[in-house]
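Each chain, written out:
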Amino acid sequence: MIANISLYFSTMYLKMKKEYLPLAILILALTTLGTILFLHVSLSQQIPFFDALDYITKAKNFWNTIHQFRWLEPQAWVSPLNIQPTVRPPGTILMSYPLGFSDNPHGFLFRSIFLPIILFVAALWIIARPYCATLKDQWILVTLCLAFATLPLFYHFEPSIDSRLASPTYWGLVDNFIASVAALATALVIRGVQEASIRLTFTGIITSTFCLFIKPSGGLVMAAILLIWSTHGIVRYKWQQNLFIRKYLILSSITFISIYGIGLLLAFKSNYFSIENMVYGKDAMKVLKQDFSMGISKDSLQFLITQIHISFGWHWLTFIFFTGVFSFVYISKQANINSIKSLPVDLIGTLGVLLIGLWFWLVATDQSQIRYFFPFALICIVLLFPRIRSLYSKVPDRYLKIMMASLVFPMLLLSLLLLISSPSIYLQRILGVNLTSGSLTHEIQQAKLLIDDSRKIKRDLILYSIVMDNIAGMFAGVGQYEKILHPNLTSFAVKSAISWTTESTFRFYQMLSSDYLLLFQPIKNKLQAINILKNIEVPNFAAETNLFHAWLSTINYDDAGLSVESETSLRLLKIIDKVKFETALNLLRGKYKLRKVFLEANPVKWIDAETEKALVAKSYPAFQGIRFGNQFTLLGAFTNDTEDGLTVELVWQSLKDQPLKYLNFVHILDASKNIIAQADYEQDTGKRIVNKGTLWHDIVKIQANKLNGAKAIGFGIYSPSSTFLVTDRGPSDWNKHRLLLNLDMNQSQ
């Protein structure tokens, strides 16, 4: 009896050891990694920025909507796809704030790193576990899962000031999240087709459709996964007479069409895939390729190689390459028909997904955006993973332990580096990772002091960043995040030359309407600055940025009306005299041959009599010589159609010595003279004092999206105290306080 009981428990122990111990060790290793990661994240004081702030705003608005939800008021129900910002879909909330919003971003940053690792490892386990017949096979699987969990693309944390730790991404983004979800969907549909399981295939289809609600590029991921399922189904089953297989193929096809169709319908029927968002995405890609593309050159090739290294690591790329070669050689030497039969499905699926991903990365977007390639790269790894595991099971035991130790070593080294507050930059570069956390304390404090200043003067402050890189973006994020948390309190906002809707260039009116300038790592090597400033030709946006960076690093701040407010790696310059600063900007413009887009964005404001005469000749007769009180005369007004909207050009003259302290209001009006949009602007950001007879020329740009339904432009002059200047004649309303310029009639008649 005792012997039977002992035998039973011994058998159960061996069964448990075989079936669950490897998985338990894998879970324990990942739990340890997660704990270390969370402790490392907790060192950071960084506030999310750029895209990450949109995900935070989406989550906050979503949970606010949930808390205000009323079952009995269906008319007030709001689709998650229509919650602002609509350009960010609600699937991101599962990663950002799945259980409710918190004003502490550490959890969000941690999940953006750790959740993709967990999902990717789960995909690898799901795809390869059925092939592990022995305990040895399972240990090989555990080892390979831990090895691939150290892909460099998962480990790019806080933006680093040190240029040696360049990163293709940073924590808080969803690119790794969508990549891991795509990998999981791939594993599920492959398992589904292998086992002819509707349940697994359905789960995979739902998971792949979810990618569409993480990023718009999820639509391309859906297409890739449909290609994978089709390829595996055709190669494995063709069109067999087996009724069960036919039923599986038909039901799976119907499920793909139905679920994908519902997902796409929901997206296109919501604001997520609205025309405005589509146009914004198209314009953003155009700006990216136009202003930031490196083209084909030696530098771009070096940049591309660096991007690949810090995303996938040369050690893992080499490992995958040689594994593939050895796998092919091994199978070629075998007379195993099943293996030869199954080889093409791996290669065809991998090649197809690889081509889709490379096209999307290098052609549709830009080589600087390798993060767009991540979903397709992880899908390819999942496709090849069973064969990689199978190959290692053939390695003799005397070599296998050495190989397994070498595969686990990167995980051990990575864990050790994460336990160090300032890990070795040399080792980080070898691994291709950026484990920076807590290095931006001074910059964050600098930003918080600016928030304090805004609250002392009780108004929001405006900064203009010369270089809008990740560090400047982080600084801007501090002000934006404070505004998200406390919208009724003052903070600061940051502008830059990049708008993502129009061609990038420095715009003087934006700089002059700001309170501060933000300069990242001013050039302290005078020879370097001189070499930049001596180039008269400024052919592109990169050269334009370098010009302003070098100029503001070396100019005499007293002469330019500037003063240094504070300095870390970021120099904060306060604009103390806008007239001096505008003069300095105009002098700079006169020294260089600048692009057409720059000259159009920064027209010469102050004009002479000859220029005034030429401009007035273009004016509509009804808008010539109109006086505004006893202060100003509108000498002429006319409009011009542009590619992206309309410009209204106004020619003014001062009737006395006075400061230009007024505001010009510009109303876009519908047929009933209701205001549908505005384009108001200050007469002069420096509020300079002009002499009687001074002439100037204003160009008001109105974007096309503001002109929908527009029938007229209404404009006039008012003071901050809401005093409107009255006109002496001309087509008008509001008791002659607003001139009316019709858009659908010939103004010259």
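Conventions adopted
- Residues numbered from 1 in each chain as written.
- Predicted model: local features only at pLDDT ≥ 70, side-chain atom pairs only at ≥ 80, totals over all residues.
- Heavy atoms only, no water.
- Helix = DSSP H or I, 4+ residues; strand = E, 2+ residues; numbered from the N terminus.
- Buried < 20%, exposed > 50% of the residue type's maximum accessible area, 1.4 Å probe, protein only.
- Contact = heavy atoms within 4.5 Å.
- Core = buried A, V, L, I, M, F, W, Y, C linked by side-chain atoms within 4.5 Å.
- 1 Å grid on protein atoms, 1.4 Å probe; cavity = no way out; pocket = protein on both sides within 12 Å on 5 of 7 lines; lining within 4 Å.
- Points joined across faces, edges and corners; volume = space filled by probe spheres on them.
- Nonpolar A, V, L, I, M, F, W, Y, C, P; charged D, E, K, R; others polar.
- Pairing = 2+ DSSP bridges.
- Axes fitted to C-alpha atoms, helices over the stretch in contact; angles between N-to-C directions.
- Phe/Tyr/Trp six-rings, centres within 6.5 Å; stacked < 30°, edge-to-face > 60°.
- Lys NZ or Arg CZ within 6 Å of the ring centre and 35° of its normal.

### Let's talk about the side chain of threonine 633
Looking at the secondary structure, you find threonine 633 in strand 7 (residues 632-642). Residue classification places threonine 633 among the buried positions, given a relative accessible area of 9%. Ignoring anything within four residues of it in the chain, the contact list for threonine 633 reads Gly625, Ile626, Arg627, Val651, Trp652, Gln653 and Leu655.

### Brief notes about the nonpolar core
Ranked by internal contacts, the top residues of the largest apolar core, which has 144 residues, are Leu37, Phe120 and Tyr155. Ranked by residues supplied to this core, first place goes to helix 5 (residues 106-128) with 14 residues. Counting residues in hydrophobic clusters, the runner-up holds 36 residues, among them Leu615, Tyr620, Leu635 and Ala679.

### Quick word on empty space enclosed by the protein
Once rolled over the atoms, a probe with the size of a water molecule shows which space is left empty. As enumerated under the stated definition, the model contains two cavities of 30 Å³ or more in all. By volume, the largest cavity is sized at about 60 Å³. Residues of the lining of the largest cavity, tallied by class, amount to five nonpolar, five polar and no charged. Put simply, the second largest cavity is a space of about 40 Å³. Thr150, Pro152, His315, Trp316, Pro410, Leu414, Leu431 and Val433 are the residues that line the second largest cavity. When contributions to the lining of the second largest cavity are tallied by element, the ones reaching two or more residues are helix 13 (314-333) and helix 16 (397-418).

### So, the sheet that holds strand 5 (residues 570-575)
The sheet built from five strands is open, its strands ordered 2-1-3-5-4 with mixed pairing. In this open sheet, the two strands that pair with only one neighbour each are strand 2 (492-496) and strand 4 (562-567). Within the sheet, the average angular offset between the axes of one strand and its neighbour, ignoring direction, is 30°. By the bridge criterion, five bridges tie strand 4 to strand 5 in an arrangement that is antiparallel. Bridging from a neighbouring strand, glutamate 567 pairs with arginine 571 of strand 5. Of the strands in this sheet, strand 1 (461-465), strand 2, strand 3 (516-520), strand 4 and strand 5 touch helix 18 (residues 441-457), which is tilted by about 145° from strand 1.

### Some points on the packing of aromatic side chains
Taken as a whole and assessed by the stated rule, the structure comprises 44 aromatic pairs. Judged by centre distance (6.2 Å) and plane angle (50°), the rings of phenylalanine 548 and phenylalanine 598 are tilted. Taken as a pair, phenylalanine 548 in helix 22 (residues 541-554) and phenylalanine 598 in helix 24 (residues 596-601) lie far apart in primary sequence, 50 residues in all. By relative accessible area, which is 1% here, phenylalanine 598 ends up buried. Ring geometry for tryptophan 551 against phenylalanine 581: centres 6.5 Å apart, planes inclined by 20°, an arrangement best described as stacked. Pair noted here: tryptophan 551 is in helix 22 and phenylalanine 581 is in helix 23 (residues 578-591), with a separation of 30 residues, a long-range link. Given the relative accessible area of 10%, tryptophan 551 is considered buried. Residue class for phenylalanine 581 comes out buried when judged on its relative accessible area of 0%. Joined through ring pairs, the aromatic side chains of Phe292, Tyr464, Trp500, Phe506, Phe508, Phe541, Phe548, Trp551, Phe581 and Phe598 make up one cluster. We note arginine 111 situated over the ring of tyrosine 97; from NZ or CZ to the ring centre the distance is 5.8 Å. If you follow arginine 738 out to its NZ or CZ, it ends over the ring of tryptophan 734, 4.1 Å from the centre.

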